[in-house]
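Here is what each chain is made of, one letter per residue.
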Amino acid sequence: MTPSLFKGNFWSPDILSTIGYDSIILHLNNGRKNCKEFEDFLKERASIEERYGKDLLNLSRKKPCGQSEINTLKRALEVFKQQVDNVAQCHIQLAQTLREEARKLEEFREKQKLQRKKTELIMDAIHKQRSVQFKKTMDAKKNYEQKCRDKDDAEQAVHRSANSVNPKQQEKLFVKLATAKTAAEDSDKAYMLHINTLDKIREEWQSEHIKACEVLEAQEYERINFFRNALWLHVNQLSKQCVTSDEMYEEVRKSLEMCSIEKDIEYFVNQRKTGQTPPAPIMYENYYCPQKNAAPSGKATGQNLARRGPLPIPKIPDDPDYSLVDDYSLIYQ
């Protein structure tokens, strides 16, 4: 730690002024507020990490992702989902770590608050004592000055009445002068006593002010160092999280490198093949002459399939009974 700078730079010519001490206290209060803000930041970041981790966990475990894939790509997808699950768990763990860091920061703030409270109580008391004694001293000074003026007036009255008043009145003026002198001397002693007391209090206040400056500067040094280290640790934790996540995703990349398109296609063919013989051509069959007009096996043409031959002309046989049904003639005569 560098030599104390506070004790040499926070004074004021005004004996009643607390501007230097107040400036230091204000700065330390702002520093404490800054630590509280970072503490709240860590807590909020922890909540974000926890929500993200839980959402990622639900996504990994509940949302289908290529569930019908087969063979090597299926194995790669299984590794992918497992590593996403692992990354989610890391984010949840990071949230717990951040809350722990926030707790340490809160403990540090409270510790400094208690330590500073002792110094503040001492300084508040010495400031009050100094103010009270200064007021007493100023009152004693006013009284002393008034008594001196009263003595001067009494002396002037005696000089003016030296040749113009009777001895009895002159005696009264001398008594008044003596009383004024005694009062002036007493007020002078009282005034000097208050001055000496005030000076002792001033020296005591200066000593306590120097001690307070040293203590408060040490606290500020400690606070800045703690805050800096806490921030450094925080970004290190975030970097570690990124490195850990990348290591997990590297496992996915490795599994994808083992993925074989040819093997997956071959695996599908072997598992789901239905046969190697295609269907035979459909042959044309003539309704009236199925055997005569049938195309040679395996050589049916599109023209034969698309058109039939002419219909035969029916012939009336010579047998007259051909047209009789139960002695009823079907031929019109």
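Residues numbered from 1 in each chain as written. Predicted model: local features only at pLDDT ≥ 70, side-chain atom pairs only at ≥ 80, totals over all residues. Heavy atoms only, no water.

A. Representation of the overall build of the protein within the structure. Broken down by element type, the protein carries five helices and two strands. Scanning the protein from its N terminus toward the C terminus, one meets helices and strands in the order α-α-α-α-α-β-β. The buried share of the protein, taken over its 333 residues, is 26%. When the accessible surface of the protein is totalled, it reaches about 24200 Å², and 55% of it is carbon and sulfur. (Helix = DSSP H or I, 4+ residues; strand = E, 2+ residues; numbered from the N terminus. Buried < 20%, exposed > 50% of the residue type's maximum accessible area, 1.4 Å probe, protein only. Areas by Shrake-Rupley, 256 points an atom, 1.4 Å probe, with all protein chains shown as cover.)

B. Highlighting the packing of helix α2 (residues 71–160) against helix α3 (residues 167–257). Contact pair α2 / α3: the axes reach a minimum separation of 6 Å and the direction vectors enclose 170°. Considering their axes alone, α2 and α3 lie roughly antiparallel with respect to each other. Grouping the constituent residues of the contact of α2 with α3 by class yields 41 nonpolar, 23 polar and 19 charged. (Axes fitted to C-alpha atoms, helices over the stretch in contact; angles between N-to-C directions. Parallel < 35°, antiparallel > 145°, perpendicular 65-115°, else oblique. Nonpolar A, V, L, I, M, F, W, Y, C, P; charged D, E, K, R; others polar.)

C. Seen up close, the UniProt feature "coiled-coil region" (unreviewed entry) in the protein. UniProt's entry tags residues 91–118 with the feature "coiled-coil region" (unreviewed entry), counted in the numbering of this structure. Along residues 91–118, the helical share is 100% and the strand share 0%, with 42 Å between the first and last C-alpha atoms. (UniProt positions renumbered as here; feature names shortened; annotations may be inferred.)

D. Summary view of the side chain of Asp85. You can see Asp85 is positioned in helix α2. Classification of Asp85 by relative accessible area gives buried; the value is 10%. Beyond its immediate sequence surroundings of up to four residues, Asp85 is in contact with Leu57, Ser60 and Arg61. (Contact = heavy atoms within 4.5 Å.)

E. Structural detail: the environment of Ser187. Here Ser187 lies in helix α3. Residue Ser187 is classed as buried on the basis of its relative accessible area, which comes to 4%. Ser187 sits 44 residues away from Asn143 along the chain, and the two C-alpha atoms are 6.5 Å apart. Apart from residues no more than four positions distant in its own chain, Ser187 is found in contact with Asn143, Tyr144 and Lys147.

F. Spatial organisation of the pattern of salt bridges. Within the structure shown, the criterion is met by 21 salt bridges. Glu251 is the salt-bridge partner of Lys254, the closest N and O atoms lying 3.9 Å from each other. In this pair, Lys254 and Glu251 are both assigned in helix α3, three residues apart and thus about one turn of the helix distant. Of the residues examined, Lys254 reaches a relative accessible area of 42% and is grouped as partly exposed. You can call Glu251 partly exposed: its relative accessible area is 37%. A single salt-bridge network, built from bridges that share partners, covers Glu39, Lys43 and Arg109. (Salt bridge = Lys/Arg side-chain N within 4 Å of Asp/Glu carboxyl O.)

G. Looking closely at the packing of α2 against helix α4 (residues 261–272). Look at α2 against α4: their axes get within 6 Å of each other, and the N-to-C directions meet at 115°. Classified by the angle between their axes, α2 and α4 sit roughly perpendicular to one another. Note on element contacts: α4 touches α2 through Lys263, Asp264 and Tyr267, opposite Asn71, Thr72 and Leu73. Of the residues that constitute the contact of α2 with α4, the class distribution is two nonpolar, two polar and two charged.

H. The packing of aromatic side chains, seen in detail. Evaluated as defined, the whole model comprises seven aromatic pairs. Between the aromatic rings of Phe108 and Phe226, the centroid separation amounts to 4.1 Å while the plane-to-plane angle is 5°, which identifies the pairing as stacked. Residue Phe108 is found in helix α2, and its partner Phe226 is found in helix α3; the two are separated by 118 residues along the sequence. Relative accessible area serves as the criterion here: at 27%, Phe226 is assigned to the partly exposed category. Within the aromatic cluster, the residues linked to one another by ring pairs are Phe38, Phe41 and Phe227. (Phe/Tyr/Trp six-rings, centres within 6.5 Å; stacked < 30°, edge-to-face > 60°.)

I. The side chain of Gln219, seen in detail. Of note, Gln219 is situated in helix α3. When near neighbours in sequence (up to four residues on either side) are disregarded, Gln219 contacts Leu28, Gln112, Gln115 and Arg116.

J. View of a nonpolar patch on the surface. Residues Ile261, Ile265, Phe268 and Val269 make up a contiguous nonpolar surface patch of roughly 400 Å² in combined accessible area. Assignment of secondary structure puts Ile261 in helix α4. Using a relative accessible area of 61% as the deciding quantity, one classes Ile261 as exposed. (Patch = residues over 30% accessible without salt bridge, like charges linked within 9 Å, V, L, I, M, F, W, Y side chains within 5 Å.)

K. Inspection of the confidence of the model for the protein at higher detail. For the protein, the mean per-residue pLDDT works out to 87, and 85% of the residues sit at or above 70. Between residues 297–307, whose pLDDT stays under 50, and residues either more than four places distant or in other chains, the model counts 12 contacts. In the predicted structure, residues 328–333 sits below a pLDDT of 50 and forms six contacts with residues beyond four places in sequence or in another chain. (pLDDT = per-residue confidence, 0-100.)

L. Spotlight on the environment of Gln67. For Gln67, the location among the structural elements is in the loop between α1 (19–62) and α2. By relative accessible area, Gln67 is classed as exposed at 65%. Considering only alpha carbons, one finds Gln67 and Glu78, 11 residues apart in sequence, at a separation of 9.1 Å.

M. How the structure looks around unusual backbone geometry. Phi angles above zero are rare outside glycine, and Asn71 is one such case at about 55°. Relative to the helices and strands, Asn71 resides in helix α2. The buried category is assigned to Asn71, whose relative accessible area is 16%.

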